[in-house]
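Chain and residue survey
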Amino acid sequence: MKKFFTISSIDNISEAARQFVANMGSSHVFAFYGEMGAGKTTFIKAICEELGVTDTVTSPTFAIVNEYQVMGDGCWVIDNSNSQHPTANTQHLIYHFDFYRIRRIEEAYDMGYEDYFYNPNAICFIEWPELIEQLLPDDAVRVTITVGPDGSRTVRMSTGGGR
């Protein structure tokens, strides 16, 4: 799977987030690649809002992981428009990671990354996955954000280990 979206300005980030969610499929782990300032945190915030997070979404740079709750019933489902969302009345989790500050892969082991990455009732958004690449599940979706000369962002989603 390869999908591309353009964020021409901050004014249309919600539309890009809507397109992203519509193309999430049944994946649970999304690894975000991009240079510092590319807009990874801002885009993840828009995605979380699109998924129904009502908490304030912030960068987990110092906490390494932030947890957000979404109400649903059962597990994440794919609806007729291929959008992923929780079904009603049960709490589901979104984990937002920022591995920028880790220095050793053992830090991810110590925090119990498996409990997050392999939880079928949670979605993981990971910033700076380069630092824990070998721990990513095989089916993780790689999301690359590049900045154009005009300040626009191109978001590319791909599976299969390639960026």
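Described below are features of the structure shown in this document. Small disclaimer: the values here were computed from a predicted structure and weren't measured.

Looking now at the overall build of the chain. Within the chain one finds four helices and nine strands. Counting from the amino terminus, the chain carries its helices and strands in the arrangement β-α-β-α-β-β-β-β-α-α-β-β-β. The buried share among the 163 residues of the chain stands at 47%. Sequence-distant contacts in the chain: of pairs separated by 6 or more residues, those separated by 24 or more amount to 62%. Carbon and sulfur atoms provide 47% of the accessible area of the chain, an area that totals close to 8,000 Å².

Another aspect to go through is the pattern of salt bridges. Scanning the model with the defined rule gives four salt bridges in all. Put simply, glutamate 15 and arginine 18 hold a salt bridge, and the shortest N to O gap is 3.2 Å. Here glutamate 15 pairs with arginine 18, and both are found in helix H1 (residues 13–22), just three residues apart, close to one helical turn. In this structure, the salt-bridge partner of arginine 142 is glutamate 133, at a minimum N-O distance of 3.0 Å.

Under the counting rule described, the total for this entry stands at 13 aromatic pairs. An aromatic cluster of three or more residues is present, and its members are Tyr95, Phe97, Phe99, Tyr109, Tyr113, Tyr116 and Phe117. Sitting over the face of the ring of tryptophan 128, lysine 40 holds its NZ or CZ atom 4.3 Å from the ring centroid.

Non-glycine residue isoleucine 64 carries a positive phi angle of around 75°. In this structure isoleucine 64 comes out as buried when scored by relative accessible area, which is 16%. Phi at tryptophan 128 takes a positive value of approximately 60°, unusual for a residue other than glycine. In this structure, tryptophan 128 sits in the loop between strand S7 (122–127) and strand S8 (141–147).

With 12 residues, helix H2 (residues 40–51) should cover 16 Å at 1.5 Å per step; its first-to-last C-alpha distance of 16 Å lies within 8% of that length. For H2, the complete set of buried residues consists of Lys40, Phe43, Ile44, Ala46, Ile47, Cys48 and Leu51. One or two steps after H2, the chain reaches glycine 52, where phi turns positive at roughly 105°.

So, on to the packing of H1 against H2. In the contact formed by H1 and H2, the axes pass within 8 Å of each other and the chain directions differ by 65°. Between H1 and H2, the angle falls in the class roughly perpendicular. Between H1 and H2 lies a crossing of right-handed hand. Residues Ile13, Ser14, Ala16, Ala17, Arg18, Phe20 and Val21 of H1 lie in contact with H2, whose contacting residues are Thr42, Phe43, Ala46, Ile47, Glu50 and Leu51.

Thresholds applied
- Within every chain, residues take consecutive numbers counted from 1 along the sequence as written.
- With the structure being a predicted model, the display of local features is reserved for residues of pLDDT at least 70 and the display and counting of side-chain atom pairs for 80 or more, all residues being used for whole-chain, interface and lining totals.
- Only hydrogens and water are set aside; all other atoms, that is, all heavy atoms of the structure, feed into the side-chain values.
- A run of H or I in DSSP counts as a helix once it spans at least four residues, and a run of E counts as a strand once it spans at least two, with each numbered from the N terminus.
- Classification of residues uses two cut-offs on accessible area relative to the type maximum, computed with a 1.4 Å probe and protein chains only: under 20% is buried, over 50% is exposed, and between them is partly exposed.
- Whether two residues touch is decided by their heavy atoms; if any such pair falls within 4.5 Å, the residues are in contact.
- Method for areas: the Shrake-Rupley scheme with a 1.4 Å probe, in which residue coverage is limited to the protein chains shown.
- The rule for a salt bridge is simple: a side-chain nitrogen of Lys or Arg has to be within 4 Å of a carboxyl oxygen of Asp or Glu.
- A pair of Phe, Tyr and Trp rings is counted when the ring centres sit within 6.5 Å of each other, with Trp represented by its six-membered ring. The angle between the planes then sorts it: under 30 degrees is stacked, over 60 is edge-to-face, the rest tilted.
- Put simply, a charge is over a ring when the Lys NZ or the Arg CZ is close to the ring centre, within 6 Å, and near the line of the ring normal, within 35 degrees.
- The span one expects for a helix is its residue count, reduced by one, times 1.5 Å.
- A fitted line through C-alpha atoms serves as each axis, taken over the contacting stretch for helices, and the angle formed by two N-to-C directions is quoted from 0 to 180°.
- The cut-offs work like this: below 35 degrees is roughly parallel, past 145 is roughly antiparallel, 65 to 115 is roughly perpendicular, and the gaps in between are oblique.
- Handedness of a crossing is defined here by the sense of rotation of the near helix relative to the far one, left-handed for an anticlockwise turn of less than a right angle and right-handed for a clockwise turn.

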